[in-house]
Amino acid sequence: GAVVSQHPSRVICKSGTSVKIECRSLDFQATTMFWYRQFPKQSLMLMATSNEGSKATYEQGVEKDKFLINHASLTLSTLTVTSAHPEDSSFYICSAVAGYNEQFFGPGTRLTVL
Amino acid sequence: AQKITQTQPGMFVQEKEAVTLDCTYDTSDPSYGLFWYKQPSSGEMIFLIYQGSYDQQNATEGRYSLNFQKARKSANLVISASQLGDSAMYFCAIAPSFGNEKLTFGTGTRLTIIP
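Residues numbered from 1 in each chain as written. Chains lettered and ligands numbered in written order. Predicted model: local features only at pLDDT ≥ 70, side-chain atom pairs only at ≥ 80, totals over all residues. Heavy atoms only, no water.

## Quick word on the overall build of chain B
Counting its regular elements, chain B contains zero helices and twelve strands. The order of α-helices and β-strands along chain B, N terminus first, is β-β-β-β-β-β-β-β-β-β-β-β. Against the 2.2 N^0.38 benchmark of 13 Å for 115 residues, chain B shows a C-alpha radius of gyration of 13 Å, consistent with a compact globule. With the C-alpha coordinates aligned to their principal axes, the bounding extent of chain B is approximately 45 × 25 × 25 Å. Taking the intrachain contacts of chain B between residues at least 6 apart in sequence as the baseline, contacts between residues at least 24 apart amount to 55%. (Helix = DSSP H or I, 4+ residues; strand = E, 2+ residues; numbered from the N terminus. Rg over C-alpha atoms; globule rule 2.2 N^0.38 Å. Contact = heavy atoms within 4.5 Å.)

Put into structure tokens, the structure is as follows:
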């Protein structure tokens, strides 16, 4: 199947700093990517839909000024957590749409904000 | 809006036995897709199986089969001949039509296979 990578896999940062997470589709082009967040022992919750060349669509309750999404190319979407705080500590997972019926997930990024 | 309900927070099954993980859904969309994913402790989401709402036959993928009962709005996952490597979290999910749209996940079931 298609491969989606995320970088970094783990990141620890101080409160107030910004963190950028990259999501790449390695062997296919993805016009649409999704960003999910998963708190410990909870389910995945969709944060936003990232479309190449246009603004991201955020789910209700997700602050678009805090979670900046840029889908600059057909193989790369980035999520920047601005002014991170401990409550932003979570597991962030992206997925990329490969075709009509296929969505592939990245391995996830574990963010810890001290 | 779409919703997935998984009522089994945890299950313990003897190795080599079959196991059924429950999933019920609610949606007002005329067509939709149902998915099952496996999440091991490493965190990656592994796609297992897909069922389209208009598919006449239940989906099967190797040891995985999906027991789709549209009238009951259920999409249970059946794993045959369970293996130790099957121990993981399992999530049921729904998309408005096909897999290229945003997924709504259930709360998951933690499956533990006992040797």
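There is more to say after this.
## Things to note about the pairing of strand S3 (residues 19–25) of chain A
Residue and element names in this part refer to chain A. Of the two faces of S3, the one lined by Val19, Ile21, Cys23 and Ser25 is fully buried and the one lined by Lys20, Glu22 and Arg24 carries no buried residue. One ladder, built from four bridges, connects strand S1 (residues 4–7) with S3; its direction is antiparallel. If you follow Val4 over to S3, its bridge partner there is Ser25. Note: S3 against strand S8 (residues 76–81), six bridges, orientation antiparallel. Bridged to Arg24 within S8 is Leu76. (Buried < 20%, exposed > 50% of the residue type's maximum accessible area, 1.4 Å probe, protein only. Pairing = 2+ DSSP bridges.)

## A closer look at the side chain of Asp88 of chain A
Residue and element names in this part refer to chain A. Following the sequence through the fold, Asp88 ends up in the loop between S8 and strand S9 (90–97). Residue class for Asp88 comes out buried when judged on its relative accessible area of 4%. Leaving out residues up to four positions away in the same chain, Asp88 has contacts with Lys66, Phe67, Val81, Ser83 and Leu111.

## A closer look at unusual backbone geometry
Residue His7 of chain A is joined to Pro8 of chain A through a cis peptide bond whose omega torsion reads 0°. With respect to the helices and strands, the residue Pro8 of chain A is situated in the loop between S1 and strand S2 (10–13). One non-glycine residue, Ser83 of chain A, adopts positive backbone phi at about 45°. On the secondary structure map, Ser83 of chain A appears in the loop between S8 and S9. A positive phi angle, near 55°, is found at Lys73 of chain B, a position not held by glycine.

## Description of the environment of Arg37 of chain A
All names here are of chain A. Turning to its location among the elements, Arg37 is positioned in strand S4 (residues 32–38). We classify Arg37 as buried; its relative accessible area is 17%. With 52 residues separating them along the chain, Arg37 and Ser89 place their C-alpha atoms 9.7 Å apart. For Arg37, the contacting residues outside a window of four places in its chain are Ser43, Leu44, Met45, Met47, Phe67, Ser90, Phe91 and Tyr92.

## A word on the side chain of Lys66 of chain A
Residues and elements named next belong to chain A. By secondary structure assignment, the location of Lys66 is in the loop between strand S6 (57–58) and strand S7 (67–73). A relative accessible area of 12% means that Lys66 is categorised as buried. At 2.9 Å, the side chain of Lys66 forms a polar contact with the backbone oxygen of Ser83. Ignoring anything within four residues of it in the chain, the contact list for Lys66 reads Thr80, Val81, Thr82, Ser83, Ala84, His85 and Asp88. (Polar contact = N/O pair within 3.5 Å; in protein donor to acceptor, adjacent residues only side chain to side chain.)

Functional significance is not addressed by these values, which are geometric in nature.
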